[in-house]
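If you want the building blocks of each chain, they are given just below.
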Amino acid sequence: MSEPQDRQAAITGIGVVAPNGTTTGTFWKATQEGLSVLDRVTREGCEHLPLKVAGEVRAFDPAATIEERFLVQTDRFTHYAMAAADFALDDARLGPASVPDAPYSIGVVTAAGSGGGEFGQRELQQLWGKGSRFVGPYQSIAWFYAASTGQVSIRRGFKGPCSVVASDEAGGLDALAHAARAVRRGTDVIVAGSTEAPLAPYSMVCQLGYGELSRETDPSRAYRPFTDGACGFVPAEGGAMLVVEAAGTARARGARIRAHIAGHGATFTGASRWDRSREGLAQAVRKALREADCAPEEIDVVFADALGVPEADRAEALALADALGEHGTRVPVTAPKTGIGRGYCAAPVLDTAAAVLAMEHGLIPPTPNVFDVCHDLDLVTGRARAAELRTALVLSRGLMGSNSALVLRRGTAQ
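Cut-offs used in this document
- The written sequence of each chain sets the order in which its residues are numbered from 1.
- For this predicted model, a pLDDT threshold of at least 70 governs which residues receive local features, and a threshold of 80 or more governs which side-chain atom pairs are given and counted, while totals over whole chains, interfaces and linings are taken from all residues.
- Side-chain metrics rest on all non-hydrogen atoms present in the structure, leaving aside hydrogens and water.
- For two strands to be treated as a pair, DSSP must find no fewer than two bridges joining them.
- Only DSSP runs of H or I covering at least 4 residues are called helices, and only runs of E covering at least 2 are called strands; the numbering of each starts at the N terminus.
- What makes two residues a contact is simply this: any of their non-hydrogen atoms within 4.5 Å.
- Axes here mean lines fitted to C-alpha atoms, for a helix over just the part in contact, with angles spanning 0 to 180 degrees between N-to-C directions.
- Partly exposed residues are those whose accessible area sits between 20% and 50% of the maximum for their type, while under 20% is buried and over 50% is exposed, using a 1.4 Å probe and protein chains only.
- Every angle not falling under 35 degrees, over 145, or within 65 to 115 is termed oblique; those three ranges are roughly parallel, roughly antiparallel and roughly perpendicular.
- Here the term charged refers only to Asp, Glu, Lys and Arg, the term nonpolar to Ala, Val, Leu, Ile, Met, Phe, Trp, Tyr, Cys and Pro, and the term polar to all other amino acids, Gly among them.
- To estimate how far a helix should reach, multiply one less than its number of residues by 1.5 Å.
- Throughout this description, a polar contact denotes any pair of N or O atoms lying within 3.5 Å of each other; where both atoms belong to protein, one of them has to be capable of donating a hydrogen while the other can accept it, and for residues adjacent in sequence the pair is counted only when both atoms sit in side chains.
- Whenever a carboxyl oxygen of Asp or Glu lies within 4 Å of a side-chain nitrogen of Lys or Arg, that contact is scored as a salt bridge.
- Arc, as used here, means the arc of the directions from the helix axis to the C-beta atoms.

Ordered in space as 5-4-6-7-1-8-15-14-9-10-12, the eleven strands form an open sheet in which the pairing is mixed. Two strands in the sheet have a free side with no partner beyond their single neighbour: strand 5 (162–165) and strand 12 (378–379). When strand 1 (residues 9–17) meets strand 8 (residues 259–268), the two strands line up antiparallel, connected through two bridges. For Ile 11, the partnering residue across the bridge sits in strand 8 and is Ala 259. Of the strands in this sheet, strand 1, strand 6 (189–196) and strand 7 (238–246) are in contact with helix 3 (residues 76–91), which crosses strand 1 at around 130 degrees.

The next thing to look at is the pairing of strand 1. With nine of its nine residues buried, strand 1 lies for the most part within the structure. As judged from the eight bridges shared by strand 1 and strand 7, these two strands associate in the antiparallel manner. Residue pairing across strands places Gly 13 opposite Val 243, the latter belonging to strand 7.

So, on to the packing of helix 7 (residues 171–185) against helix 13 (residues 346–361). Between helix 7 and helix 13, the shortest axis-to-axis distance is 6 Å and the interhelical angle comes to 60 degrees. With respect to their mutual orientation, helix 7 and helix 13 come out oblique. In this structure, helix 7 contributes Gly 172, Leu 173 and Leu 176 to the contact, and helix 13 contributes Pro 348, Val 349 and Thr 352. In terms of residue class, the contact of helix 7 with helix 13 is made up of four nonpolar, two polar and no charged.

Given a rise of 1.5 Å per residue, 16 residues ought to cover 22 Å, and the 23 Å separating the end C-alpha atoms of helix 3 matches this to within 8%. Listed as buried for helix 3 are Phe 77, Thr 78, His 79, Tyr 80, Ala 81, Met 82, Ala 83, Ala 84, Ala 85, Asp 86, Ala 88 and Leu 89. On the buried face of helix 3, the contacting elements are strand 1, helix 2 (68–71), helix 5 (139–142), helix 6 (147–156), strand 6 and strand 7. Measuring from the backbone nitrogen of Phe 77 back to the side-chain oxygen at the start of helix 3 gives 2.9 Å, which picks out Asp 75 as the cap.

Before going further, it helps to spend a moment on the pattern of salt bridges. In total, this model carries 28 salt bridges according to the counting rule given. For Lys 29, the salt bridge identified is with Glu 33, shortest N-O distance 3.0 Å. Since its relative accessible area comes to 39%, Glu 33 is described here as partly exposed. For the salt bridge of Arg 397 with Asp 305, the shortest nitrogen-to-oxygen distance reads 2.9 Å. Taken together, the positions of Arg 397 in strand 14 (residues 391–397) and Asp 305 in the loop between strand 9 (301–303) and helix 11 (310–324) put the pair 92 residues apart, joining distant regions of the chain. You'll find Arg 397 and Asp 305 in the same group, each marked buried.

Moving on: the environment of Tyr 138. Relative to the elements of secondary structure, Tyr 138 occurs in the loop between helix 4 (117–129) and helix 5. Setting aside residues no more than four positions away along its own chain, Tyr 138 makes contact with Val 72, Gln 73 and Phe 119.

Here we come to helix 1 (residues 24–32). Residues of helix 1 that are buried include every one of Thr 24, Phe 27, Trp 28, Ala 30 and Thr 31, and no others. Mapping the buried residues of helix 1 onto a view down its axis gives an arc of 165 degrees, with all of them on the same face.

In this section: unusual backbone geometry. For the bond from Ala 102 to Pro 103, the omega torsion is 10 degrees, close enough to zero to count as cis. Tracing the backbone through its elements, the reader meets Pro 103 in the loop between helix 3 and strand 4 (106–111). Phi is positive for Phe 226, close to 65 degrees, though the residue is something other than glycine. Inspection of the secondary structure assignment puts Phe 226 in the loop between helix 8 (201–207) and strand 7. Not every positive phi belongs to a glycine, and Ala 306 is a case in point at roughly 55 degrees.

Here it is in structure tokens:
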């Protein structure tokens, strides 16, 4: 789709809080090395639950970056969002005076699957254990899935367009697409992304109804998509926030353009209907390619959804062949999330961050814990693969039926 060059949606900042790294640098180092940090769940109150393996964020002190007055009124998932937003804004070198008409020209958009379950559980325990006078005033807002958008915008004083995307796990990609379209329509900067914190007792109990959730107790075997041993996915916490900026604004202030959000497509095919997700995901890819004015053979790497359910994995492999033709079986595919877990809405945003870094470094990260691929895919396993990467495709599907695809093009240093 043709658009003015100064309104192209550019990624100028990346902020990460993930199980394998709480800075973008540590995240990329672990990702390119194919390290797996999946381990036994250690959260208090979760010991008796059948979910035994997950990707926990362990090396993160929210008090080191977030003021106490914001910490006490927010859940862990918003702590991750505020910290990641700070990291992204610092990476973009975006200060209050950097953008004309700020703060009204800067907005926030996030996606979240469930919100602040840990905060909500604690306050409800206070209600039933001690009485209503012991329930804090922030219970009314901290659990809500929109809390991160609200708190990031309030804390940073951003008064531009703010929103929350509710579209299943694929919402992470949809939030980035929403940000890109806001930029194309005239907003200078959107801080966009997703963070999740599903590893608390109440939140974990809610997940136990998912038949796709892995109950495997061995961390090295718990999440192995595209293999005969695939037995579901393991959840993860953390996520990423990106600064999505009008290319003209970025160039005017001398910012580095790390990548462009070139195209996006989304469809819906029904809850756990993995047979139908083949058609829906392929259609999302075609839409993203059309919007990006990108031929299938221009895709240099695919960051897969990689659910880890045999039927879903097969549908994804076939969808790539459907949408990309013969190139779909030859293009390098990777799923670094198998080393950190699948962070619901945050998972595809972390994949997007990894895709940008992969294009910058000319290196496709491997898929941890996966070796015996049983689908017609060129899945990168074992170690990273050097490659000239100009265009990346990121895929995501939700358990409730959403499908999303995002095309990224490599940026140019200023």
